[in-house]
Amino acid sequence: MTVRVRFAPSPSGYLHIGGARTALFNWLWARNTGGTFVLRVEDTDQERSSLDSVSAILDAMEWLGLDWDEGPVKGGPCGPYFQSERRERYRAVVDEMIGAGTAYRCYATKEELDAARTELKAKDPKAQFVYPGWWRDRRDWPTNAPYVVRFKSPRDGQTTVRDQVRGAVTTPNSQLQDFVLMRSDGYPLYNLSCVVDDHDMGITLVARGDDHLINTAPQILIHEALGWTPPTFAHLPMMLSPKGEKLSKRHAAVAVQDYRARGYSPMGVLNYLVRFGWSHGDQEVFSRSELIGLFGWDHVGKSAGKFDEKKFLDVNFAHLKDERLTDTEAYLAAVAPFLARRGIVEPDPALLRAALPHIRERARTYEEAAFALDYFFRELPEIDPQAAAKFLTPATGPILDGLAVALDASAEWQAAALEARFRAWLESSGHELKLAAQPARVALTGRTASPPLFDVMEVVGRARTVRRLRHAAQTAAGG
RNA sequence: GGCCCCAUCGUCUAGUGGUUAGGACAUCGGCCUCUCACGCCGGUAACAGGAGUUCAAAUCUCCUUGGGGUCGCCA
């Protein structure tokens, strides 16, 4: 049987980092097996779903490179892929179930239910309300009254889920109640639409978050009520906040787009996410193609983990600093928007290529890269006042002037030659490299930390190096 | 509270009966050095507790404890 997996987000916001992890595992499995990755939009909650959310999610998926074979935009043989467009199908299924006696109309109103809930609460605050099945066996349906359709859940026995990562998980059916399949407005509820679509779309494996483990027994029961064979399941361990709570905005950035905005690379994100629950021995860093080749369910863990931004940053860094993982072209394309944000638009490509090797190992994100690249593209660097106060003192003025002259006299404008000139001049004038280096760095970069001085000079070029040294000398004299 | 799931360094994890319990992040030292990084070397740091099974248990079983999930006309 060829693998068909799906990712089924509900469009009520952005793509959550945990959702992205679910999507990734499904996608990897499809790509690993040559199967099909289906994207399905679960927009049956009219109040929460929005078109903006759909495009935000599709956008994030594309950015991550999690391409889908069937779904929105792409289409496919099992469409439509928006649940809101599949209502007749759910209606038909529900009618079939009512006909077969595995579901029934329930005319209890929300008000009646709420009243029963509060009444119970008053009697016993700790008790849990269970729908008592008022309409379970009634046939005296009123005409023109709104109703929901409920599942006629078996009262005894047990249901066992076969799960790729957990093994067999058994729930007593007595725990289940006659849950609602279809709202009074005709829209299906999650458990129904999910089952119908997984069946209709030929899904063979449902991989999703652990929080859905509890939904699985009811879903299997629906499958069985319809005479269908349930797919197999894989419940992924939860991603928790650093404190061990449900991961939300309060604890960390949780939207994929947040990381994009901060200058993370798609593979940095994917690599961090895949290691959350999956491992391959001691290996930490993976390319996209390695991941596809290596991924499998046998090394997916069971225990929930806590989100760690520091590790995340480091994994991203691993991808940015290694040109085998992020080649020059990809790097330059990715850093461009962050340069633009600093006002550096259409930077000189040759200059960019020359500077890049020097900042790669100093930038953990593209945002940091843009910062590290900044002064290469300016006439004069923006000088940090604290750096100036510390290093551009009256005493350093003449040194910087002297250096400007000495370096300008160099025939060759290349790091090693410049260093030789620099050292020679210092020696002849009785200064120490250690003392002259920082003022020169501030002159060149405006900062106290940068790539090696002579590399910077080489990339910045003769004219601007000399100008920067002279300008800083003036500042030093004036300050 | 009922039901379900989970349990190795602070964090992510390797480990599938016999290991000095390994790696990575973080952290702390050191080397390199014109600064910052990168890189390299080294340190601190874990099998939740208790019973079993076994010649042998981080690995198997049970109990306890702890954590998480879920109990909607949300997904």
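Residues numbered from 1 in each chain as written. Chains lettered and ligands numbered in written order. Predicted model: local features only at pLDDT ≥ 70, side-chain atom pairs only at ≥ 80, totals over all residues. Heavy atoms only, no water.

(A) View of the protein's contact with RNA strand B. Among the 63 residues in the neighbourhood of RNA strand B, the closest are listed as T44, R166, R183, E361 and R441. By atom count, sugar and phosphate contribute 68% of the portion of RNA strand B lying within 4 Å of the protein. T448 places a main-chain nitrogen or oxygen 2.9 Å from a sugar or linking oxygen of RNA strand B. Looking at the surface near RNA strand B, the elements that each hand over two or more residues are α4 (110-123), β4 (148-151), β6 (167-172), α6 (213-225), β11 (305-306), α10 (309-321), α17 (433-445) and α18 (453-460). With five residues, the single largest contributor to the surface near RNA strand B is α10. Each residue belonging to the surface near RNA strand B can be placed in one class, and the counts come to 18 nonpolar, 21 polar and 24 charged. (Near = heavy atom within 4 Å. Polar contact = N/O pair within 3.5 Å; in protein donor to acceptor, adjacent residues only side chain to side chain. Helix = DSSP H or I, 4+ residues; strand = E, 2+ residues; numbered from the N terminus. Nonpolar A, V, L, I, M, F, W, Y, C, P; charged D, E, K, R; others polar.)

(B) Quick peek at the side chain of R150. Relative to the elements of secondary structure, R150 occurs in strand β4. For the buried R150, no salt bridge is present, and the opposite-charge side chain at shortest range is D178, 6.8 Å distant. Not counting residues within four places of it along the chain, the set of residues in contact with R150 comprises A103, Y104, C106, L113, Y131, D178, F179, V180 and L181. (Buried < 20%, exposed > 50% of the residue type's maximum accessible area, 1.4 Å probe, protein only. Lys, Arg positive; Asp, Glu negative; His and termini not counted. Salt bridge = Lys/Arg side-chain N within 4 Å of Asp/Glu carboxyl O. Contact = heavy atoms within 4.5 Å.)

(C) Summary view of the pairing of strand β9 (residues 232-236). Burial of β9 is extensive: four of the five residues sit out of reach of the surface. Looking at chain direction, strand β8 (residues 205-209) and β9 are connected through five bridges and run parallel. When the sheet's bridge partners are listed, A207 is paired in β9 with A234. For the crossover from β8 across α6 to β9, the handedness is right-handed. (Pairing = 2+ DSSP bridges. Right-handed = clockwise from strand over helix to strand, strands pointing away.)

(D) Main features of the packing of α17 against helix α19 (residues 462-478). Across the interface, α17 lies against α19 with an axial gap of 8 Å and an inter-helix angle of 115°. Between α17 and α19, the interaxial angle falls into the category roughly perpendicular. When you trace α17 past α19, the crossing you get is right-handed. Seen from α17, the contacting residues are A440, A443 and L444; seen from α19, they are T465, R468, L469 and A472. Classifying every residue of the contact of α17 with α19 gives five nonpolar, one polar and one charged. (Axes fitted to C-alpha atoms, helices over the stretch in contact; angles between N-to-C directions. Parallel < 35°, antiparallel > 145°, perpendicular 65-115°, else oblique. Left-handed = near helix turned anticlockwise from the far one by under 90°.)

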